[in-house]
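Descriptive structure summary
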Amino acid sequence: MSRVLITPRAPTRALGEFGQSASSVAGQRVGRVRRRRPARRIRWLRVLATVAATAASAAAIVASGYWVLTTERFAVVAVEVRGASRVPPQRILEASGIHHGQNLWRIDPARVRARLEEMPEIRRADVVRELPNRVAIVVEERRPFTLVHAARLHWLDEDGRVLGDENRAVSTEVPVISGLSEEELVTMRTTPGPRARAAIALIRALLRTGSALASEISEIDMSRPEGPVLYTVDGVEVRLGQDDWEARIGRLQGVLAQLGASGETVSSIDLRFRDQVVLKTAVK
């Protein structure tokens, strides 16, 4: 057997196959090693566990909600009305619709507020749940501002809304409003009319003078098309005109001061003209 020495300079020869494949592995291919995936059973078990936990949580929430809405722990035992002085608390309680034994969490505060604020005498209302079983109704009443004379007397607030009738003989510190129709008064229980608002604006202008002028005017008649007509406590008729009331009221103050100083009596004062005042002398 000959021997061959392989050196770097020697020509390269193909190496022969020195071993033989076993018959059991002959013809087999070596493929890639596959990674093992989680078994489908494990995945489904995880999904079922998640669903079961979610269902259990939902059932617990539903059960808790049912308990809160039905337990006697939150059954109303007392309703307190705060802020009422003119309106009887029983009327407010009846209008609220809240009754003893009602579940505290079944009360809708927004709906109760809306019902209470529909009452002519109530400006604002609020409903407070006081745990575990009490309710407070807090109201702000509309305050009487002046009287409206239309067949009978009616109280009016500063917004021009009718509060109710007055059957007694009473007096106010500001002028009484007249010249409004019965139809206007009906609508003014919910929405103030334009003539009522104008009369209230005029009363406020009188009060802003800071003088006794407001107390010297006994009535404001809003029925005239040419504008409000004022009547003093002495029966003097004052035609004011339709606009620029602040300036005309200032002129009225000056005229009344001059008449008081001179001792002259008049039956009417006409301020409708910009540059002059027309006086009508009283007949003695």
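As a starting point, this report considers the structure included with it. (Residues numbered from 1 in each chain as written. Predicted model: local features only at pLDDT ≥ 70, side-chain atom pairs only at ≥ 80, totals over all residues. Heavy atoms only, no water.)

Excluding glycine, a negative phi dihedral is what most residues carry, and trans is how most peptide bonds are arranged. Here Leu 131 and Pro 132 are connected by a cis peptide whose omega angle stands at 5°. In this structure, Pro 132 sits in the loop between strand 2 (122-130) and strand 3 (134-141). Of note in the backbone geometry, Ala 151 takes a positive phi value of approximately 70° without being a glycine. Note on placement: Ala 151 falls in the loop between strand 4 (144-150) and strand 5 (152-157). Of note, the phi angle at Asp 244 is positive, near 50°, even though the residue is not glycine. Relative to the helices and strands, Asp 244 is located in the loop between strand 10 (237-239) and helix 7 (245-262). (Helix = DSSP H or I, 4+ residues; strand = E, 2+ residues; numbered from the N terminus.)

Moving on to the nonpolar core. Ile 177, Ile 220 and Ile 269 are the most contacted members of the largest nonpolar core, which has 34 residues in total. Where this core is concerned, the elements lending two or more residues are strand 4, helix 5 (194-208), helix 6 (213-216), strand 8 (217-221), helix 7 and strand 11 (266-270). Leave out the neighbours within four places in its chain, and Ile 177 touches Thr 146, Leu 147, Val 148, His 149, Leu 156, Ala 199, Ile 200, Ile 203, Ile 220 and Met 222. The next biggest cluster of nonpolar side chains, apart from the first, holds 18 residues, and it includes Ile 92, Ile 98, Met 119 and Ile 137. (Core = buried A, V, L, I, M, F, W, Y, C linked by side-chain atoms within 4.5 Å. Buried < 20%, exposed > 50% of the residue type's maximum accessible area, 1.4 Å probe, protein only. Contact = heavy atoms within 4.5 Å.)

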